[in-house]
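Working through the structure, step by step
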Amino acid sequence: EAQQARHDLDGLPFLRSYTSARVSSADPTGANDDGLGARKIAPGETRTIADLRGPGIISHIWFTIATTDRWHLKNLVLRMYWDGEATPSVESPIGDFFGLGLGRYFLYESGPLSVGSQKALNAYFPMPFRNAARVTVTNEGEQPVGAFYFNIDYEQHASLPADLGYFHAQYRQATPNKGWTTAWTRNGDASVDGKPNLRGEDNYVILDAEGRGHYVGVTHSILQNQGDWWGEGDDMFFIDGASTPQINGTGSEDYYLGAWCYGGCGIDPFGTKRPTFAYQRYGNPLNGGDDRGAEWMVYRFHTDSPVAFQKSLRVTIESGHANHRSDNFFTVAFWYQTEPHKPFPALPPAAL
C-alpha cells in the first residue's frame, strides 16, 4: 500500500490522505528568538515536549541541546508513552537513543537515525498512536539545560490499520560485563577458544520482550576495559520461548555486517588506520582500535526483514567468546509490538 511505501522512492507519487503537523520549539511570538520556545530543564525536572492526539504517526524527530553539562547525552532521559499507558514504551538516555552511547557527539547517517552537524539529533522511525502520544525529557544531571530545541513532525490520520504495532526502544548497559576469566593474553588462547556456549548462558541481553511484534535493530556502544579485539562474541536470538538459539552468529562484527575485526585481526601489517563507515542498515561510525580504553559504536537495522515473534523474543550477544571479556556495553534495542509490553528493567544510573 502507499502508506507502507511512504519512505521509499517508488512510493512518492502516491497521493496521501493524512494531514501533516508539527510541534516545535519555535518562537511563540512569531519573531526569530527560538530560545523563547525552547525548553529549559532544571536538574531533576521532567519536561513534556509533545502531547499529541490521535490517530497519528510521528514521522520525524529533531533535537538539539544547549547546556554546559559535559555528560548531558547520558544525563537526559527520553521517554515516550502511547495511548495513555502508565509506563513508557521508549526509555533511554537521549544520547544512546541516537547512537551516542559514550556521551560525546560524532556524525553519522543511517536510515532510521542520524547525527548531523552541528549536534543535530534525528530519528525517522514511524511511531503510530491511536489516541495519544506523550514525549518527555528528564534531566537526571546536576546542571540545567539552558535550551532544549525540538521539531516533532507527525501525520494526523482519520484511522490507522488494526495491525500496526507500537514503537518501542529500551536501553541496557553492562559496566562491565562479567567476564568468566582474567587468565588470558589473547582472545585466541586455547583456554578461551575451547569453551562451548550453546545456550547463551551469561550473554549480554539486548532485548527481552513478550507479546507479538518484530525486532528492527540496535545501536551498540563499547568501551574496552581490556586490550585485543572486543568483538569475538556471537549473536544469539531465542524466538517464542526457544531454549537454544534459532539464529546464531559467527562474531560481533559479523552481526553488525562488518568483517575481519573491521580491518584488524592482524590482516594489515602496516597498521593502517581502520576506516569508519555508516550505511543505511549497518555501520561502524566510531572505531577506537584494540587498546584498553578504546571507544566503539556499531549498529544494525533489520529494516529489510524484521525478526518477528508471536509470544516472546530474547536477543543476546556474547561479550567475547563464551563471554570471557569484561568490556562496557551500552545498547538501545528498537522494536514494534502489541501492548501491553513486558515491564522494562529499572533504568540504571548513567555510567561509563
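Since the model is a prediction, treat every value here as computed from it, not as a measurement.

Observations concerning the environment of Ala147
By the secondary structure assignment, Ala147 is in strand E12 (residues 145-156). In sequence terms Ala147 and Leu257 are 110 residues apart; their C-alpha atoms lie 38 Å from each other. In this structure, Ala147 is in contact with Ala38, Arg39, Thr64, Ile65 and Ala66, ignoring residues within four places of it in sequence.

Things to note about the nonpolar core
Formed by 52 residues in total, the largest nonpolar core has its most connected members in Ile58, Phe63, Phe97, Phe148, Phe167 and Phe334. It is E12 that contributes the most residues to this core, 5 residues altogether. Beyond its immediate sequence surroundings of up to four residues, Phe97 is in contact with Leu78, Met80, Val90, Ser92, Leu113, Ala123, Met127, Phe167, Ala169, Val332 and Phe334. Formed by 29 residues, the second largest nonpolar core is a distinct cluster that contains Ala174, Val298, Val307 and Phe344.

Quick look at the pattern of salt bridges
Applying the stated criterion across every chain yields a total of 13 salt bridges. Of the charged contacts in the structure, one is a salt bridge between Lys342 and Asp208, with a shortest N-O distance of 2.9 Å. You can see Lys342 sitting in the segment after strand E23 (328-337) and its partner Asp208 sitting in strand E14 (residues 204-210), a full 134 residues away along the chain. Among the ionic pairs, Glu210 bridges to Lys342, the shortest N-O distance being 3.9 Å. With Glu210 in strand E14 and Lys342 in the segment after E23, this residue pair connects regions lying 132 residues apart in the sequence. With a relative accessible area of 41%, Glu210 lands in the partly exposed category.

A look at the pairing of strand E5 (residues 76-82)
Among the 7 residues in E5, 7 count as buried, and that is most of the element. Where burial is concerned, the two faces of E5 agree: the one with Leu76, Leu78, Met80 and Trp82 and the one with Val77, Arg79 and Tyr81 are both buried. Two strands pair when backbone bridges link them, and E5 and strand E11 (residues 132-139) are joined in this way by 7 bridges, in the antiparallel orientation. Residue pairing for E11: Leu78 is matched across the bridge by Val137. Examined bridge by bridge, E5 and strand E6 (residues 90-93) share 4 bridges and lie antiparallel to one another. Paired with Val77 across the bridge in E6 is Pro93.

Digging into the packing of aromatic side chains
Summed over the entire model, instances satisfying the criterion amount to 29 aromatic pairs. Pairing Phe277 with Tyr282 gives two aromatic rings, centres 6.1 Å apart and planes at 70°, and the pair type is edge-to-face. Taken together, the ring pairs in this structure connect Phe63, Phe97, Phe98, Phe106, Tyr108, Phe125, Phe148, Phe167, Tyr299, Phe301, Phe334 and Tyr336 into an aromatic cluster.

How each quantity is defined
- Residues numbered from 1 in each chain as written.
- Predicted model: local features only at pLDDT ≥ 70, side-chain atom pairs only at ≥ 80, totals over all residues.
- Heavy atoms only, no water.
- Helix = DSSP H or I, 4+ residues; strand = E, 2+ residues; numbered from the N terminus.
- Contact = heavy atoms within 4.5 Å.
- Core = buried A, V, L, I, M, F, W, Y, C linked by side-chain atoms within 4.5 Å.
- Buried < 20%, exposed > 50% of the residue type's maximum accessible area, 1.4 Å probe, protein only.
- Salt bridge = Lys/Arg side-chain N within 4 Å of Asp/Glu carboxyl O.
- Pairing = 2+ DSSP bridges.
- Phe/Tyr/Trp six-rings, centres within 6.5 Å; stacked < 30°, edge-to-face > 60°.

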